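Notes for the structure review
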Amino acid sequence: MAVEFSKKELSMNYRRLGRTDLDVSVICVGPMRAAATEPGNDEKSKAGELALRTALDAGVNFIHSSYEYRTRWMMGRVLANHPRRSELHHVIKVPVPDFTDGDHFEADKFRLRIEEALTDLHTERISVLQWMWRSMPNTDERRLPLLGQIIDEVVDIFHRMRDEGKVGYLMTFPYTVPCGEKAIETEKFSGLIGFYNLVEMEMADLFGELEKRDMGFLAIRPLYQGILTDERANQNSLRKGDRFADEEYAIDFAKRAKISEVFRDEIGESMTSFAIRFALAAPIVSSLIVGLNTPAQVSGIIAAAEDSSPSLQTVEKAREIWRSAFGLG
Ligand SMILES: NC(=O)c1ccc[n+]([C@@H]2O[C@H](COP(=O)([O-])OP(=O)(O)OC[C@H]3O[C@@H](n4cnc5c(N)ncnc54)[C@H](OP(=O)(O)O)[C@@H]3O)[C@@H](O)[C@H]2O)c1
């Protein structure tokens, strides 16, 4: 469904999220790096604020956030009096139990994460909860049995808050495919949320099962944190102070180089655009949670999302590359 907005040149596409009643924009704003962590008027925060306003003006109706990012103060400036405030859908991280909670689920803490978001984001309802169960160490060995032990308590408080009108749907970020399978089996979730891009394709193993069950999927970091962009064509030509300059990221740039080589024809003029179009190719993906820090980044990403996606054969080819070249490294 394409919806035109005002007189601007861009239009926004929306997709139904699994079997929910939510039609979300294919671009979901992720503000993790879009502001300083303390309120102020620094350049970064001003650009992030403008980016969020630009995205909303362009028809974005889906916003990701977490208390952990400490950027909600900036979002509040935009959202407090925004004319479309009541039409927006929020997806928030709810990590309970967190790493240091000793595998103990606390309903009060779950409620707190939601109540604080309602206040910070000036909304009456959080449409989607990205619930996460964390352990220390955060291994499958610990997390697989933990899910079964706490899921009834999670669902109980979720239902209570849903009855209060404060939350919409429960989804989860499973971290790994085995935990994703286990989460699907519980039948308690409307869908999964996970990393998905040309370099991180693990979660694609679950797409078939999600489709069969009419569950949704939200793809986090389609640009592989910013490495799959035209601005970061290789590690030697990064801007001074770029966050990927460190030697530890050499392996990620090697993966990027492999993608450039294998998909030269499909990429065409822009890696940024290809990465976005690629992540939207699988119909199960309802929306991409993208970090957008400036108005120019917003228009670039929205324009890319309007263009046609590569074929499902290209997606399959990417999975083969991932399995053979990236999956284990
Ligand atoms: N576990 C979790 O739940 C989890 C974990 C990580 C992230 N997240 C969420 O996912 C969101 C996205 O993650 P991410 O930001 O790491 O990854 P990403 O969306 O793959 O990459 C976003 C980065 O790419 C660059 N960029 C964006 N638009 C661009 C454009 N048009 N042209 C060129 N470069 C562009 C920006 O970096 P520069 O400004 O530095 O160039 C931006 O920070 C976060 O904001 C957060 O909301 C969730």
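Since this is a predicted model, take the numbers as computed values, not measurements. (Residues numbered from 1 in each chain as written. Predicted model: local features only at pLDDT ≥ 70, side-chain atom pairs only at ≥ 80, totals over all residues. Heavy atoms only, no water.)

A few words on the overall build of the protein chain. Broken down by element type, the protein chain carries 11 helices and 11 strands. With the C-alpha coordinates aligned to their principal axes, the bounding extent of the protein chain is approximately 50 × 45 × 40 Å. When each of the 329 residues of the protein chain is scored for burial, the buried share is 53%. If you take every contact in the protein chain between residues at least 6 apart in sequence, the share linking residues at least 24 apart comes to 72%. For the protein chain, the exposed surface amounts to about 14800 Å²; the carbon and sulfur share of it is 48%. Considering the protein chain, the positive charge centre built from 42 side chains and the negative charge centre built from 51 side chains are found 2 Å apart. (Helix = DSSP H or I, 4+ residues; strand = E, 2+ residues; numbered from the N terminus. Buried < 20%, exposed > 50% of the residue type's maximum accessible area, 1.4 Å probe, protein only. Contact = heavy atoms within 4.5 Å. Areas by Shrake-Rupley, 256 points an atom, 1.4 Å probe, with all protein chains shown as cover. Lys, Arg positive; Asp, Glu negative; His and termini not counted. Charge placed at Lys NZ, Arg CZ, Asp CG, Glu CD.)

With that out of the way, let us pick up the site of the ligand. With respect to spatial proximity, 31 residues lie near the ligand, and among them Arg-33, His-64, Gln-130, Leu-223 and Arg-243 are the closest. One of the side-chain nitrogen or oxygen atoms of Tyr-69 is found 3.2 Å away from a nitrogen atom of the ligand. Here an oxygen atom of the ligand sits 2.7 Å away from a polar atom, N or O, in the side chain of Gln-130. Bound to the protein, the ligand loses 91% of the 900 Å² it would expose on its own. Those elements that place two or more of their residues in the shell around the ligand are strand 7 (126–132), strand 11 (285–291) and helix 10 (295–306). Residue contributions to the shell around the ligand peak at three residues, all from strand 11. Class assignment of the residues belonging to the shell around the ligand gives a composition of 14 nonpolar, 10 polar and seven charged. (Near = heavy atom within 4 Å. Polar contact = N/O pair within 3.5 Å; in protein donor to acceptor, adjacent residues only side chain to side chain. Nonpolar A, V, L, I, M, F, W, Y, C, P; charged D, E, K, R; others polar.)

In short, the description is geometric, and any link to function would need to be established separately.
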